[in-house]
Amino acid sequence: ALTANPPGPLKRIKFLNPTIGFGYGGKGGSNSTLIKTTDGGSTWKVLDTGVQHRITDVVAPIPGNAQILFAMTKWYAGGNNNNYAVILRSTNGGDSWTTIGRPSQVFLGGEAIHVQSNLDTLFVAGGNILYRSTNGGSSWTQVLKFSGSKLINDIEFLDDNHGWLVGENGLF
(Lines give C-alpha, C1' and ligand atoms only; values in the text may rest on other atoms or scores of the structure.)
Protein backbone atom coordinates (compact mmCIF):
# COMPACT_ATOMS: atom_id res chain seq x y z
CA ALA A 1 0.00 0.00 0.00
CA LEU A 2 1.16 3.52 -0.74
CA THR A 3 1.16 6.06 2.02
CA ALA A 4 0.63 8.70 -0.69
CA ASN A 5 -0.48 8.51 -4.31
CA PRO A 6 2.44 8.54 -6.75
CA PRO A 7 2.43 11.67 -8.93
CA GLY A 8 2.77 9.65 -12.14
CA PRO A 9 3.20 6.18 -13.60
CA LEU A 10 5.94 3.86 -12.38
CA LYS A 11 8.30 2.31 -14.95
CA ARG A 12 10.74 0.34 -12.78
CA ILE A 13 11.29 -1.00 -9.30
CA LYS A 14 14.64 -1.71 -7.63
CA PHE A 15 15.47 -3.03 -4.17
CA LEU A 16 18.87 -2.22 -2.65
CA ASN A 17 18.40 -4.77 0.11
CA PRO A 18 15.46 -6.73 1.57
CA THR A 19 13.90 -3.62 3.15
CA ILE A 20 14.88 -0.56 1.07
CA GLY A 21 13.53 -0.17 -2.44
CA PHE A 22 12.53 2.43 -5.00
CA GLY A 23 9.84 2.69 -7.66
CA TYR A 24 10.42 5.28 -10.35
CA GLY A 25 9.29 6.63 -13.69
CA GLY A 26 6.97 9.41 -14.73
CA LYS A 27 5.71 10.87 -17.98
CA GLY A 28 8.39 13.47 -18.61
CA GLY A 29 7.74 17.16 -18.33
CA SER A 30 5.61 17.40 -15.25
CA ASN A 31 5.36 13.94 -13.76
CA SER A 32 8.64 12.83 -12.21
CA THR A 33 7.85 9.90 -9.96
CA LEU A 34 10.09 8.47 -7.24
CA ILE A 35 8.79 6.43 -4.31
CA LYS A 36 10.69 4.66 -1.53
CA THR A 37 10.02 1.85 0.92
CA THR A 38 12.03 1.13 4.06
CA ASP A 39 9.95 -1.84 5.21
CA GLY A 40 10.23 -4.30 2.34
CA GLY A 41 7.36 -2.82 0.34
CA SER A 42 4.63 -2.74 2.97
CA THR A 43 4.46 1.06 2.77
CA TRP A 44 5.85 3.59 0.31
CA LYS A 45 6.41 7.34 0.41
CA VAL A 46 6.80 9.82 -2.44
CA LEU A 47 10.20 11.54 -2.68
CA ASP A 48 10.72 14.98 -4.20
CA THR A 49 13.75 15.15 -6.51
CA GLY A 50 13.24 18.82 -7.30
CA VAL A 51 13.10 18.12 -11.06
CA GLN A 52 10.27 17.32 -13.44
CA HIS A 53 12.23 14.85 -15.56
CA ARG A 54 11.27 11.17 -15.76
CA ILE A 55 13.53 9.07 -13.51
CA THR A 56 15.10 6.21 -15.48
CA ASP A 57 17.55 4.69 -13.00
CA VAL A 58 18.50 4.84 -9.31
CA VAL A 59 21.74 3.35 -7.97
CA ALA A 60 23.46 3.00 -4.60
CA PRO A 61 27.16 2.66 -5.44
CA ILE A 62 28.43 1.58 -2.02
CA PRO A 63 27.23 -1.90 -1.02
CA GLY A 64 25.34 -1.76 2.25
CA ASN A 65 24.98 2.05 2.15
CA ALA A 66 21.52 3.16 1.07
CA GLN A 67 22.17 6.80 2.03
CA ILE A 68 24.33 7.74 -0.98
CA LEU A 69 22.23 7.50 -4.14
CA PHE A 70 22.46 8.65 -7.73
CA ALA A 71 19.57 9.00 -10.17
CA MET A 72 19.42 9.50 -13.93
CA THR A 73 16.63 11.28 -15.78
CA LYS A 74 15.53 11.50 -19.37
CA TRP A 75 14.96 14.69 -21.34
CA TYR A 76 11.47 15.90 -22.14
CA ALA A 77 10.13 17.86 -25.07
CA GLY A 78 9.27 21.53 -24.78
CA GLY A 79 10.45 24.24 -22.47
CA ASN A 80 14.00 25.58 -22.51
CA ASN A 81 17.47 24.26 -21.65
CA ASN A 82 16.08 22.97 -18.37
CA ASN A 83 14.37 20.15 -20.26
CA TYR A 84 17.61 18.23 -20.92
CA ALA A 85 18.44 15.21 -18.80
CA VAL A 86 19.97 15.65 -15.37
CA ILE A 87 21.98 13.50 -13.00
CA LEU A 88 21.04 13.69 -9.34
CA ARG A 89 22.83 12.79 -6.11
CA SER A 90 21.47 12.25 -2.61
CA THR A 91 23.50 11.79 0.57
CA ASN A 92 20.51 11.17 2.84
CA GLY A 93 18.71 8.19 1.32
CA GLY A 94 16.70 10.24 -1.15
CA ASP A 95 15.18 12.79 1.21
CA SER A 96 16.89 15.57 -0.76
CA TRP A 97 18.71 15.67 -4.11
CA THR A 98 21.27 17.90 -5.83
CA THR A 99 21.97 18.11 -9.54
CA ILE A 100 25.50 17.25 -10.64
CA GLY A 101 27.18 17.95 -13.98
CA ARG A 102 26.05 16.31 -17.19
CA PRO A 103 28.08 15.27 -20.25
CA SER A 104 26.89 18.16 -22.43
CA GLN A 105 24.46 21.05 -22.35
CA VAL A 106 22.14 19.13 -24.67
CA PHE A 107 22.49 15.73 -22.98
CA LEU A 108 19.32 13.79 -23.72
CA GLY A 109 19.89 11.20 -21.03
CA GLY A 110 19.14 7.57 -21.23
CA GLU A 111 18.18 4.53 -19.31
CA ALA A 112 21.21 3.86 -17.13
CA ILE A 113 23.82 5.18 -14.76
CA HIS A 114 26.63 3.35 -12.99
CA VAL A 115 28.68 4.88 -10.18
CA GLN A 116 31.76 3.13 -8.88
CA SER A 117 32.27 2.82 -5.13
CA ASN A 118 34.87 5.65 -5.08
CA LEU A 119 31.95 7.99 -6.00
CA ASP A 120 34.17 9.83 -8.49
CA THR A 121 33.87 7.50 -11.48
CA LEU A 122 30.47 7.59 -13.17
CA PHE A 123 29.20 6.11 -16.42
CA VAL A 124 26.00 7.29 -18.10
CA ALA A 125 24.34 6.20 -21.30
CA GLY A 126 22.81 8.89 -23.46
CA GLY A 127 21.13 7.46 -26.52
CA ASN A 128 23.87 5.63 -28.42
CA ILE A 129 26.78 7.20 -26.49
CA LEU A 130 28.50 6.06 -23.29
CA TYR A 131 30.14 8.80 -21.20
CA ARG A 132 32.53 8.57 -18.24
CA SER A 133 33.44 11.06 -15.53
CA THR A 134 36.39 10.53 -13.19
CA ASN A 135 35.70 13.60 -11.03
CA GLY A 136 32.19 13.09 -9.71
CA GLY A 137 30.45 14.56 -12.75
CA SER A 138 32.38 17.83 -13.08
CA SER A 139 33.62 16.85 -16.56
CA TRP A 140 32.84 14.01 -18.95
CA THR A 141 34.55 12.04 -21.73
CA GLN A 142 32.83 10.13 -24.50
CA VAL A 143 33.91 6.47 -24.12
CA LEU A 144 32.13 5.02 -27.15
CA LYS A 145 29.44 5.78 -29.68
CA PHE A 146 27.41 3.24 -31.61
CA SER A 147 26.66 4.09 -35.22
CA GLY A 148 23.11 4.89 -36.15
CA SER A 149 20.35 5.17 -33.61
CA LYS A 150 20.98 1.98 -31.62
CA LEU A 151 20.29 2.91 -28.01
CA ILE A 152 22.06 1.76 -24.85
CA ASN A 153 19.48 0.47 -22.37
CA ASP A 154 21.49 -0.60 -19.33
CA ILE A 155 24.96 -0.66 -17.76
CA GLU A 156 26.12 -3.31 -15.30
CA PHE A 157 29.55 -3.70 -13.70
CA LEU A 158 30.80 -6.83 -11.95
CA ASP A 159 33.59 -4.76 -10.37
CA ASP A 160 35.39 -1.49 -11.12
CA ASN A 161 37.15 -3.00 -14.18
CA HIS A 162 34.56 -5.29 -15.79
CA GLY A 163 31.31 -3.95 -17.16
CA TRP A 164 28.71 -4.66 -19.81
CA LEU A 165 26.22 -2.69 -21.86
CA VAL A 166 22.96 -3.93 -23.30
CA GLY A 167 20.88 -2.26 -25.93
CA GLU A 168 19.44 -2.53 -29.38
CA ASN A 169 22.78 -3.91 -30.65
CA GLY A 170 22.81 -6.72 -28.07
CA LEU A 171 25.29 -7.30 -25.24
CA PHE A 172 28.70 -5.59 -25.11
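Thoughts on the sheet that holds strand S8 (residues 98-100)
Okay, step 1: Taking strand neighbours across the sheet as the criterion, the four strands line up as S5-S6-S7-S8 in an open arrangement whose pairing is antiparallel. The open sheet has two edge strands, strand S5 (55-59) and S8, and neither has a second partner. Between one strand and the next, the sheet's axes are offset by a mean angle of 30°, whatever the strand orientation.
Okay, step 2: By the bridge criterion, four bridges tie strand S6 (residues 69-73) to strand S7 (residues 87-90) in an arrangement that is antiparallel. Note that in S7 the partner of Phe-70 across the bridge is Arg-89.

Some thoughts on the pattern of salt bridges
Okay, step 1: Applying the stated criterion across every chain yields a total of two salt bridges.
Okay, step 2: Across the pair Lys-14 and Asp-57 runs a salt bridge, and its minimum N-O distance is 2.9 Å. In this pair, Lys-14 is assigned in strand S1 (residues 10-15) and Asp-57 in strand S5, connecting sequence segments 43 residues apart.
Okay, step 3: By relative accessible area, Lys-14 is classed as partly exposed at 26%.
Okay, step 4: With a closest N to O distance of 3.3 Å, Asp-95 and Lys-45 form a salt bridge. On the criterion of sequence distance, the pair formed by Asp-95 in the loop between S7 and S8 and Lys-45 in strand S4 (residues 45-46) is long-range, its members being 50 residues apart.
Okay, step 5: Judged by relative accessible area, which is 47%, Asp-95 ranks as partly exposed.
Okay, step 6: What makes Lys-45 partly exposed here is its relative accessible area of 40%.

Quick notes on the rules
Residues numbered from 1 in each chain as written. Predicted model: local features only at pLDDT ≥ 70, side-chain atom pairs only at ≥ 80, totals over all residues. Heavy atoms only, no water. Pairing = 2+ DSSP bridges. Helix = DSSP H or I, 4+ residues; strand = E, 2+ residues; numbered from the N terminus. Axes fitted to C-alpha atoms, helices over the stretch in contact; angles between N-to-C directions. Salt bridge = Lys/Arg side-chain N within 4 Å of Asp/Glu carboxyl O. Buried < 20%, exposed > 50% of the residue type's maximum accessible area, 1.4 Å probe, protein only.

Keep in mind that these numbers describe shape and distance, not what the molecule does.
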